[in-house]
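Report on the structure
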Amino acid sequence: MSVLGLPPDHYPNQHQPGCFWYEHAVATGSPNVQWCERTLCQVISQPCNTWSNISFLLFSALMIYQLSFPGGSGNQRTHFHDLIGGTMSTRLLTHFPVHNFLMGLFSLIYHASNLYPTQLLDFVGMFFVTCFLYASSRMRRRHLHRARARYLLPESSKKKFTNPKVIQQSSLAGGGLHRSTVYDVGEYSDGGEDCKMFYKDFLLAFAASCVPLHPFYLNKIPFQSLVFLHVVAVIMFELLYIRPIEAEVFALLKRREDEPTPRKNKRATIDDIFPMKMFFIALAFLVLAAIFSLSDVKRWLCDQAPDSTALFRSDNHYIQGHACWHVFSSIGVFFIWRHLASRAL
């Protein structure tokens, strides 16, 4: 019996008797999934699946490197940005490489040891990233609502906000004085309350994600489905929760530009202020990564014959379907970060 009180055959021990991790697996339990790569009798029990996680560590270093260059997101500043600013905190943007680094490190530890406790650690790392993206979506939407209220809402809409302060803005253009009424509902802050609310959302989502892991394990419910649901939720949040209000804010900004202003640029498009290129590149890499991972666990790309010469075979410790998941998903996460960076001007 393991320390969890489970019978030895609840999930089969993937290590052979006498190997480095065998007794640890007996004591603490085995993972709920067996990847294609054959488990070796050594400290790094799955070399390919282990070392492929270095891609997460390298991309984390690349994120930190790019943060040292202003405007590294590639998003050119327009006068529209002067009106609404960035919708992603630059301070929080610097926290993301740490979350990504921990995800890669925890996954590396899991595949090296192939134990149930380290598998839980692997999922904790993935939730670090997915819950960060969820909390950032909440924060960005809050700021978009504030931007819309501050500059664009009509008189009838100001009741949605608590004690809005009416400000008369004046601009001198075209030889005349032009006035417009806007509503000041609080300035966007790169720290303080915004960061507190961000990490409140993050911690709540993180706790809610971690709680089901062990019950799922005990009842043999694949908790890999939780990660799938997280990724789908992040994509849907971006497309259905954030993008519509970005489009609305841009349309209202363009409408406001009908007034003569010294810096008017009628050729601007929504992609000048809210680009989506990086997001769709990220989505393509994440879909590709998911295909490789599913092909590995379903044995579509896994030849287990002893004399096989296939590229994806269980005793090939240089390339595996799940290792491709690590590499392609690390690229996808990097482009998700670039997408967030395009909102932090």
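If you're wondering where the values come from, they're calculated on a predicted model, not measured in any experiment. (Residues numbered from 1 in each chain as written. Predicted model: local features only at pLDDT ≥ 70, side-chain atom pairs only at ≥ 80, totals over all residues. Heavy atoms only, no water.)

Here we look at the environment of Ile273
- Here Ile273 lies in helix H10 (residues 270-273).
- Distance in space between the C-alpha atoms of Ile273 and Glu246 is 9.1 Å, their sequence separation being 27 residues. (Helix = DSSP H or I, 4+ residues; strand = E, 2+ residues; numbered from the N terminus.)

Examining empty space enclosed by the protein
- Scanning the entire structure with this criterion turns up two cavities of 30 Å³ or more.
- The computed volume of the largest cavity comes to approximately 70 Å³.
- If you go around the largest cavity, the residues you meet are Leu133, Ser136, Ser137, Arg140, Val234, Glu238, Phe279, Ile336, His339 and Leu340.
- Those elements that place two or more of their residues in the lining of the largest cavity are helix H6 (116-151), helix H9 (224-256) and helix H12 (321-341).
- Element by element, the count of residues in the lining of the largest cavity is highest for H6, at four residues.
- When its residues are assigned to classes, the lining of the largest cavity shows five nonpolar, three polar and two charged. (1 Å grid on protein atoms, 1.4 Å probe; cavity = no way out; pocket = protein on both sides within 12 Å on 5 of 7 lines; lining within 4 Å. Points joined across faces, edges and corners; volume = space filled by probe spheres on them. Nonpolar A, V, L, I, M, F, W, Y, C, P; charged D, E, K, R; others polar.)

A short note on the packing of helix H3 (residues 54-67) against helix H5 (residues 90-113)
- At their nearest, the axes of H3 and H5 sit 8 Å apart, and the two run at 165° to each other. The orientation of H3 relative to H5 falls into the category roughly antiparallel. In the crossing of H3 with H5, the sense of the turn from one axis to the other is left-handed. Residues Ile54, Phe56, Leu57, Phe59, Ser60, Met63, Ile64 and Leu67 of H3 touch H5, and the partners they reach there are Leu93, Thr94, Phe96, Pro97, Asn100, Phe101, Met103, Gly104, Leu105 and Leu108.
- Here the contact of H3 with H5 is composed, by residue class, of 14 nonpolar, four polar and no charged. (Axes fitted to C-alpha atoms, helices over the stretch in contact; angles between N-to-C directions. Parallel < 35°, antiparallel > 145°, perpendicular 65-115°, else oblique. Left-handed = near helix turned anticlockwise from the far one by under 90°. Contact = heavy atoms within 4.5 Å.)

Points about helix H11 (residues 277-297)
- Its 21 residues give H11 an end-to-end C-alpha distance of 31 Å, which sits within 8% of 30 Å, the value for a rise of 1.5 Å per residue.
- Looking at the residues trailing H11, positive phi occurs at Arg299, about 65°. (Expected span 1.5 Å × (residues − 1).)

Considerations on a nonpolar patch on the surface
- A cluster of nonpolar side chains, contributed by Phe228, Leu229, Val232, Met236 and Leu240, occupies part of the molecular surface with about 500 Å² of accessible area.
- Assignment of secondary structure puts Leu229 in helix H9.
- Exposure remark for Leu229: the relative accessible area of 52% places this residue in the exposed category. (Patch = residues over 30% accessible without salt bridge, like charges linked within 9 Å, V, L, I, M, F, W, Y side chains within 5 Å. Areas by Shrake-Rupley, 256 points an atom, 1.4 Å probe, with all protein chains shown as cover. Salt bridge = Lys/Arg side-chain N within 4 Å of Asp/Glu carboxyl O. Buried < 20%, exposed > 50% of the residue type's maximum accessible area, 1.4 Å probe, protein only.)

Quick look at the layout of surface pockets
- By volume, the largest pocket amounts to about 950 Å³.
- Gln224, Val227, Phe228, Val231 and Trp325 are, among the 38 residues lining the largest pocket, the residues nearest its centre.
- Among the elements of the structure, H5, H6, H9, H11 and H12 are those that each provide at least two residues to the lining of the largest pocket.
- Taken together, the residues of the lining of the largest pocket sort by class into 26 nonpolar, ten polar and two charged.

Observations concerning the confidence of the model for the chain
- Chain-level statistics for the chain give a pLDDT mean of 80 and a share of 75% at 70 or above.
- A low-confidence stretch, residues 154-190 stays under pLDDT 50, and its non-local contacts, those more than four residues away or across chains, total 71 contacts.
- Taken as a whole, residues 259-265 scores under 50 in pLDDT and shows 16 contacts with residues more than four places along the chain or in a different chain. (pLDDT = per-residue confidence, 0-100.)

Remarks on the side chain of Asp296
- As for its placement among the helices and strands, Asp296 is situated in helix H11.
- In contact with Asp296, not counting residues within four places along its chain, are Trp35, Cys36, Cys302, Gln320, Gly321 and His322.

What to know about the side chain of His322
- With respect to the helices and strands, His322 occurs in helix H12.
- On the basis of relative accessible area, His322 is assigned to the buried category, the value being 4%.
- If we skip the residues at most four places from it in the chain, His322 touches Trp35, Asn49, His111, Phe292, Ser293 and Asp296.

Re the packing of aromatic side chains
- In total, this model carries 23 aromatic pairs according to the counting rule given.
- Ring centres 6.2 Å apart and planes at 45° place the aromatic pair Phe106 and Phe128 in the tilted group. Here Phe128 lies in helix H6 and Phe106 lies in helix H5, a separation of 22 residues in the sequence.
- Overall, Phe106 belongs to the buried group, its relative accessible area being 14%.
- Judged by centre distance (6.1 Å) and plane angle (5°), the ring pair of Phe285 and Phe335 falls under stacked. One end of the pair, Phe285, is in helix H11; the other, Phe335, is in helix H12, with 50 residues separating them in the sequence.
- Linked through ring pairs, Phe59, Phe285, Phe292, Phe312, Phe328, Phe334, Phe335 and Trp337 together constitute an aromatic cluster.
- Sitting over the ring of Tyr241, Arg141 keeps its end group 4.4 Å from the ring centre.
- Positioned above the aromatic ring of Tyr11, the side-chain terminus of Lys220 is 5.6 Å from the ring centre. (Phe/Tyr/Trp six-rings, centres within 6.5 Å; stacked < 30°, edge-to-face > 60°. Lys NZ or Arg CZ within 6 Å of the ring centre and 35° of its normal.)

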